2 protein chains.
Amino acid sequence: MPKISNFTYDEIYIGQTAQYTKPVKASDIVLFAAASGDLNPVHLDAGFAATTPFGEPIAHGMLTGAIISAAIAMELPGPGTIYLSQSLRFRLPVKIGDEICVHLEVTDKKDKRKFVTLDCKAVNQHGKVVASGTAEVMSPTEKLLVNRAELPEIEIGG
Amino acid sequence: MPKISNFTYDEIYIGQTAQYTKPVKASDIVLFAAASGDLNPVHLDAGFAATTPFGEPIAHGMLTGAIISAAIAMELPGPGTIYLSQSLRFRLPVKIGDEICVHLEVTDKKDKRKFVTLDCKAVNQHGKVVASGTAEVMSPTEKLLVNRAELPEIEIGG
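In this text the structure is predicted, and so the values were computed from the model without any measurement. (Residues numbered from 1 in each chain as written. Chains lettered and ligands numbered in written order. Predicted model: local features only at pLDDT ≥ 70, side-chain atom pairs only at ≥ 80, totals over all residues. Heavy atoms only, no water.)

Asks: Whenever I open this one, the confidence of the model for chain A confuses me. Can you help?
Replies: In low-pLDDT regions, the fine details of the predicted coordinates are not to be read closely. Looking at chain A, the pLDDT average stands at 97 and 99% of residues meet or exceed 70. Across the interfaces of the predicted complex, the ipTM metric reaches 0.97, alongside a pTM of 0.98. (pLDDT = per-residue confidence, 0-100.)

Rendered as structure tokens:
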């Protein structure tokens, strides 16, 4: 079974980086709409989206936020991290078929409470920053190697 | 077909409020995991979650962020809003079966660029704030009444 590991506070250093890549599929936009309840047609109705300045469906901005949060939870620090805060600036629209690469960099550590600050940038396949921000987390103190959860099959009807 | 309407910049006033409620189901956590790629077992594996300080599966923090973003997109200002930035502080875990009510309040307007600042609080069914933050959006200038997108059926296997 595939495992996910973490970096403990003591292993984390200022300047440490990690990357996490996620393609954005049409199905991801449908799933995000269902989970959040955001049913705006600009994300889901190609005919409507064609009448907007975007010209085609765009992903919900916070789907990129979700991908940034996954980078933190899966890569740096990984399992056992407590998410304290996140700032996000949405810079460019994300479209179906884009591939988002999240770049994380540790910019600060606070020994007393094991807080770590991460600079976060989500970059598309053209090298453009689509969203950026700063996360503060409480990092794990214990080394973990956990099973990656296996998702049930998700079938999206026509 | 159900419609979604918006508030234009001129209709929006400082002190204006809106609310948006979303129950958090186990299926929402599965859908969010698939859309983001965050497969940490603390969200998805009840057996594993029982071994953590939470005792049971908790929702991804950014799922609450997604629900806050849906409040902005569906209620205030609604369709046509351009999301510029969001800050989030995660305060309490959200569990399966919780009902999250997002409270939005307009705290500032910037006439020149039609920017609106919103105070955002996500409150659970016990009246506790689970996440809070500030959003900045460019509000619509045109009144819109759009069709709420109809999602395809989503079937989650066993």
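We are not done yet, so read on.
Asks: Teacher, can you tell me more about the sheet that holds strand S6 (residues 129–138) of chain A here?
Replies: With antiparallel pairing, 10 strands are arranged side by side in an open sheet as S2(A)-S4(A)-S5(A)-S6(A)-S3(A)-S3(B)-S6(B)-S5(B)-S4(B)-S2(B). Looking along the sheet, the strands with just one partner apiece sit at the ends: strand S2 (17–23) of chain A together with strand S2 (17–23) of chain B. Sheet twist, expressed as the mean angle between neighbouring strand axes with direction ignored, is 20°. Pairing between S2(B) and strand S4 (residues 99–110) of chain B: 7 bridges, direction antiparallel. Paired with B:Lys22 across the strands is B:Ile100, a residue of S4(B). Running at roughly 140° to strand S3 (residues 82–90) of chain A, helix H4 (residues 61–74) of chain A makes contact with S2, S3, strand S4 (99–110), strand S5 (115–123) and S6 of chain A together with strand S3 (82–90) of chain B of the sheet. Where helix H1 (residues 26–36) of chain B meets the sheet, it contacts S2 of chain A together with S2 of chain B, and its direction lies at approximately 105° from that of S2(A). (Pairing = 2+ DSSP bridges. Helix = DSSP H or I, 4+ residues; strand = E, 2+ residues; numbered from the N terminus. Axes fitted to C-alpha atoms, helices over the stretch in contact; angles between N-to-C directions. Contact = heavy atoms within 4.5 Å.)

Asks: For this particular structure, what's the right way to read the interface of chain B and chain A?
Replies: When the parts of a complex come together, some accessible area is lost, and that lost area is often used as the size of the interface. Every contact between the two is made by 51 residues of chain B and, on the other side, 51 residues of chain A. Of the roughly 4200 Å² buried at the junction of chain B and chain A (both faces included), carbon and sulfur atoms supply 67%. Three residues, B:Ala35, B:Leu39 and B:Met62, lead the burial of chain B against chain A; their summed loss comes to 14% of the area buried on that side. Linking chain B with chain A are 0 salt bridges. Linking chain B with chain A are 16 residue pairs in polar contact (both at pLDDT 80 or more). Residue composition of the side of chain B that touches chain A, by class: 32 nonpolar, 11 polar and 8 charged. By the bridge criterion, 3 bridges tie strand S8 (residues 154–156) of chain A to strand S8 (residues 154–156) of chain B in an arrangement that is antiparallel. (Buried area = accessible area lost by both parts, 1.4 Å probe. Salt bridge = Lys/Arg side-chain N within 4 Å of Asp/Glu carboxyl O. Polar contact = N/O pair within 3.5 Å; in protein donor to acceptor, adjacent residues only side chain to side chain. Nonpolar A, V, L, I, M, F, W, Y, C, P; charged D, E, K, R; others polar.)

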